[in-house]
Amino acid sequence: DAKTTQPPSMDCAEGRAANLPCNHSTISGNEYVYWYRQIHSQGPQYIIHGLKNNETNEMASLIITEDRKSSTLILPHATLRDTAVYYCIVRPNNAGNMLTFGGGTRLMVKP
Amino acid sequence: DTAVSQTPKYLVTQMGNDKSIKCEQNLGHDTMYWYKQDSKKFLKIMFSYNNKELIINETVPNRFSPKSPDKAHLNLHINSLELGDSAVYFCASSQLTSGRRNEQFFGPGTRLTVL
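Given the structure is predicted, the values throughout are model-derived calculations rather than measurements.

(A) View of the interface of chain A and chain B. Every contact between the two is made by 21 residues of chain A and, on the other side, 20 residues of chain B. Summed over both partners, the interface of chain A with chain B comes to about 1700 Å²; 57% of that surface belongs to carbon and sulfur atoms. Put simply, chain A and chain B have 0 salt bridges between them. Applying the counting rule to chain A against chain B returns 3 residue pairs in polar contact (both at pLDDT 80 or more). A total of 3 residues in the side of chain A that touches chain B trace back to one element, the largest contributor, which is strand 3 (residues 31-38) of chain A. Across the side of chain A that touches chain B, the residue classes break down as 9 nonpolar, 11 polar and 1 charged.

(B) Inspection of the sheet that holds strand 3 (residues 19-25) of chain B at higher detail. Residues and elements named next belong to chain B. Ordered by their spatial adjacency, 4 strands build an open sheet running 1-3-8-7, and the pairing between neighbours is antiparallel. The open sheet has two edge strands with one neighbour each: strand 1 (4-7) and strand 7 (64-70). Averaged over all pairs of adjacent strands, the angle between strand axes in this sheet comes to 20 degrees, irrespective of strand direction. The sheet contact formed by strand 3 and strand 8 (residues 73-78) spans 4 bridges and is antiparallel. Within strand 8, the residue paired with serine 20 across the bridge is histidine 77.

(C) Quick look at the state of the cysteines. Enumeration over the complete set of coordinates arrives at 2 disulfides over all chains. Between the sulfur of Cys22(A) and that of Cys88(A) lies a disulfide, 2.1 Å long from S to S. Judged by the sign of its S-S torsion, about -85 degrees, the cystine formed by Cys22(A) and Cys88(A) is left-handed. Of the two residues, Cys22(A) is situated in strand 2 (residues 18-23) and Cys88(A) in strand 8 (residues 84-92); the sequence distance between them amounts to 66 residues. The two residues Cys22(A) and Cys88(A) agree in class, both being buried. Disulfide pairing places Cys23(B) opposite Cys91(B) at an S-S distance of 1.9 Å.

(D) Quick peek at a positive patch on the surface. The grouping of Arg106(A), Lys9(B), Lys41(B) and Arg111(B) at the surface amounts to a positive patch. Assignment of secondary structure puts Lys41(B) in the loop between strand 4 (31-37) and strand 5 (43-50).

(E) Spotlight on the side chain of Thr31(B). All names here are of chain B. Structurally, the position occupied by threonine 31 is in strand 4. Of the polar contacts made by the side chain of threonine 31, one reaches the side chain of aspartate 30; its length is 3.0 Å. Only 2.5 Å separates the side chain of threonine 31 from the side chain of asparagine 50, close enough to count as a polar contact. Residues in contact with threonine 31, not counting those within four places in the same chain, are Ser48, Tyr49, Asn50, Ala92, Ser93, Ser94 and Leu96.

(F) Layout of the environment of Glu53(B). As for its placement among the helices and strands, Glu53(B) is situated in strand 6 (residues 53-56). Taking C-alpha positions, Glu53(B) is 9.4 Å from Thr31(B), a pair spaced 22 residues apart along the chain.

(G) Local environment of the sheet that holds strand 9 (residues 105-110) of chain A. Residues and elements named next belong to chain A. Read across the open sheet, the 5 strands follow the order 1-9-8-3-4; overall the sheet is mixed. One side of each edge strand has no neighbouring strand; the edge strands of this open sheet are strand 1 (9-13) and strand 4 (45-50). Each adjacent strand pair in this sheet contributes to an overall mean axis angle of 25 degrees, direction not counted. Summarising the sheet, strand 3 and strand 8 pair through 8 bridges and their orientation is antiparallel.

Cut-off values and rules
- What you see as residue numbers is a count from 1 along each chain, following the sequence as written.
- Think of it this way: whatever chain is written first is A, whatever ligand is written first is 1, and the rest follow in order.
- Per-residue local features of the predicted model are confined to residues with pLDDT of at least 70, and side-chain atom pairs are confined, for both listing and counting, to 80 or more; whole-chain, interface and lining totals are unaffected and use all residues.
- To obtain the side-chain values, all non-hydrogen atoms of the structure were used and water was disregarded.
- Contact criterion: two residues are considered in contact whenever any of their non-hydrogen atoms come within 4.5 Å of each other.
- Simply put, the buried area is the total loss of 1.4 Å probe accessible area from both parts when two parts are fitted together.
- By convention in these notes, a salt bridge is any Lys or Arg side-chain nitrogen within 4 Å of a carboxyl oxygen on Asp or Glu.
- Under the rule applied, a polar contact is a pair of N or O atoms within 3.5 Å (in protein, one hydrogen donor and one hydrogen acceptor; residues adjacent in sequence only if both atoms are side-chain atoms).
- Numbering of helices and strands runs from the N terminus; a helix is a DSSP stretch of H or I covering at least four residues, while a strand is a stretch of E covering at least two.
- Each residue is assigned to one of three groups, with Ala, Val, Leu, Ile, Met, Phe, Trp, Tyr, Cys and Pro labelled nonpolar, Asp, Glu, Lys and Arg labelled charged, and all others, Gly among them, labelled polar.
- Two strands pair if DSSP finds at least two bridges between them.
- Only C-alpha atoms enter the line fits that serve as axes; for helices the fit covers just the stretch in contact. Angles between N-to-C directions range over 0 to 180 degrees.
- Note on disulfides: each one is a pair of cysteine sulfur atoms within 2.5 Å.
- We call a residue buried when its accessible area falls under 20% of the maximum for its residue type, exposed when it is over 50%, and partly exposed in between, using a 1.4 Å probe and counting protein chains only.
- Patches here are clusters of residues that have more than 30% relative accessible area and form no salt bridge, with a 9 Å joining cutoff for like charges and a 5 Å cutoff for nonpolar side chains (Val, Leu, Ile, Met, Phe, Trp, Tyr).
- Accessible surface is estimated by sampling points in the Shrake-Rupley manner with a 1.4 Å probe; for residues, cover comes only from the protein chains shown.
- Working convention for charge: Lys and Arg count positive, Asp and Glu count negative, and His plus the chain ends are omitted.
- All charge positions are set by atom: Lys at NZ, Arg at CZ, Asp at CG, Glu at CD.

Honestly, that's just the spatial picture; any functional story needs more than this.
Pasting the structure below:
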């Protein structure tokens, strides 16, 4: 079962930052926070992951609260192509892991 | 250059038939997975296969059987297809090296329709 809670949907204006929240209040010390997205009719795509420090890559930034009970994925300048379902997943970073997807957040980027 | 490929992309078949979906990855990964996405868009893990070790989600009926001829392939065979098997099936792969991120790469999906 998914261990995360996300809003079912969000809107964002094109060019603005999209901030997608995720609650994971029962996260364990060895569990990482992963973000994936699924653009319509495509397979899920990895975005970013982190343990406790904030992370940034070419796609997004991940802000994890100090108590690690919640996080925010930030798309700094959302484009229409960022319209997708975004999944926040927590899991241990060791062998044999399978991703457990929840409902995700459907982000609609509007012109 | 496709990292994870699946065939066929679409599969329409009758109830009771047996069918297979093929998956190949050219990333040199040691672990492959099958996921099912139903009509309500929920993605659920079905299997994980690593170095001949098969981890099965206990909710998967035994009509579903993964077959891995080698490390680059993980095929999904389904016996006695039922209406409820209609879904999109995604294959994925990853390299489970300790200390490195376990990013999973997904294929484009196979849309199975059982009539």
